[in-house]
Amino acid sequence: MDLVYIIGRGGNDDELRYSIRSMVRHLKGFDRVVIVGHRPDFLQNVFHIPADDKHHNNPDRNIFEKIMVAVDHERVSQEFICASDDHYLMHDFDARFLPYYHCGDIRDTIAKIPPTNYYHWHLMRTLNILSVSMLPTNNFNVHFPVKYEKRLFRKMAYAFSFQGIHAPLAKTLYANLHCIEGVLEDDQKIKTSKTYEAIQRILGGKKFFSTNEHSMNPEMLRFLQNQYPTPSRWEDVYYRDPI
C-alpha cells in the first residue's frame, strides 16, 4: 500500500522529514512513499507526481485536487494512506486497519471558529452537504492520516462540487458519505511555541500529533529528533538532520 503525501511549496522540510520517520516507526503495511506536489531536495527513492497549487488562498481545494491526481494515477495503489507533512504518529498502527478518527460533530467545531476564519466556511459547506443528504455529520478533519479507496473517492468527487472558494472538506465528506462510524479522539495540533518540557507534558500518552509554523521552534525540533532519530530510507544522507 502506498503512503501518499500532499505537499505544497513553502512548507517546512523538517516536518516532512520527521513525519516520514514517524510513519516508518509506527505504521505497518506501507511499502512506498508517494509525493504529490512539491518534492523537497532531501528526499530520495520516492515516487514523485508533480502537481501545482492552482488556487491562491484556497489550500483545501488545492489538497483535494492533488488527492485526485493520486486517485487518477494508474501507478498509485487502489487503497492508499493519505498524509500531510505535519502528521506524526506516536502509537503503532496497521495501514490495513487504520482508524478513522473524528473530533465530534461538525457543529461543535463551527461553534468554536469565528466566521472571520476561512475554515469556518469550509465546515459550513461540508455540513450543508451532509445535512441535505441526511448523512452523519462527524468532523474527520483531524490531523491524522486517512485511508482512501480510489473508487470511493472518485465516486464522491463526481457526486459533489469541489469548486468555489469554500470547497467542502474531502476527508470529512468521504468518511460520512460512506457511513464510516469512526473513533472519537481529540485532535492534537500544537499551534504555538512551547518548551521541550511542555511538549512532553502535552503529548504524554497521545497517539498522534501535529505541528505548524508557529510551533516548529528549536525545542520542537529537539523533541522530534529525540522521538525519531533514525533517518528513513527515503532521506538522502547528503542532507543532515537539522540539529
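This text goes with the structure placed above it.
Given the structure is predicted, the values throughout are model-derived calculations rather than measurements. (Residues numbered from 1 in each chain as written. Predicted model: local features only at pLDDT ≥ 70, side-chain atom pairs only at ≥ 80, totals over all residues. Heavy atoms only, no water.)

Details of the pattern of salt bridges
Put simply, the rule is: Here a salt bridge means any side-chain nitrogen of Lys or Arg lying within 4 Å of a carboxyl oxygen belonging to Asp or Glu. Secondary structure follows DSSP: runs of H or I at least 4 residues long count as helices, runs of E at least 2 residues long count as strands, and numbering of each begins at the N terminus. Only protein chains enter the calculation, and the probe is 1.4 Å; a residue is then buried if its accessible area is under 20% of its type maximum, exposed if over 50%, and partly exposed in between.
Applying the stated rule across the entire model yields 12 salt bridges. Across the pair Asp2 and Arg32 runs a salt bridge whose closest N-O atoms are separated by 2.9 Å. Taken together, the residues span a long stretch of sequence, with Asp2 in strand E1 (residues 2-7) and Arg32 in strand E3 (residues 32-37) at a distance of 30 residues. Its relative accessible area of 3% is what places Asp2 among the buried residues. Here the residues in one salt-bridge network are Asp14, Arg17, Arg21 and Glu235, joined through shared partners.

Overview of the packing of helix H4 (residues 118-132) against helix H6 (residues 170-177)
Here is the rule: Note on definitions: angles span 0 to 180 degrees between N-to-C directions of axes, and those axes are lines fitted to C-alpha atoms, for helices only across the stretch in contact. Note that the term roughly parallel is reserved for angles under 35 degrees, roughly antiparallel for angles over 145, roughly perpendicular for angles of 65 to 115, and oblique for everything else. A crossing counts as left-handed when the near helix is turned anticlockwise from the far one by less than a right angle, and as right-handed when that turn is clockwise. Should any heavy atoms of two residues lie within 4.5 Å, those residues are considered in contact.
Contact pair H4 / H6: the axes reach a minimum separation of 10 Å and the direction vectors enclose 15°. Put simply, H4 runs roughly parallel to H6. As for the relative orientation of H4 and H6, their crossing is right-handed in sense. Side by side, H4 and H6 meet where Thr126, Ile129 and Leu130 of the first sit next to Thr172, Leu173 and Asn176 of the second.

Points about the nonpolar core
Under the convention used in this document: Among buried residues, those of type Ala, Val, Leu, Ile, Met, Phe, Trp, Tyr and Cys that are joined through side-chain atoms within 4.5 Å constitute a nonpolar core.
Counting residues in each nonpolar core, the largest one holds 39 residues, and the members touching the most others are Val4, Val36, Ile67, Phe80, Tyr148, Phe153 and Met156. Ignoring any residue separated from it by four or fewer positions in sequence, one finds Ile67 in contact with Ile6, Phe80, Cys82, Tyr148 and Phe153. Membership of the second largest hydrophobic core comes to 25 residues, among which are Leu27, Ile35, Leu98 and Val142.

Brief notes about the side chain of Asp85
Put simply, the rule reads: Neither His nor the chain termini are counted; the positive set is Lys and Arg, and the negative set is Asp and Glu.
With respect to the element layout, Asp85 can be found in the loop between strand E5 (79-83) and strand E6 (87-89). Summary of buried charges: Asp85 has no salt-bridge partner, and the nearest side chain of opposite charge, Lys189, is 7.7 Å away. For Asp85, the residues in contact, after removing those within four places along its chain, are Tyr5, Ile7, Asn12, Glu15, Leu16 and Ser19.

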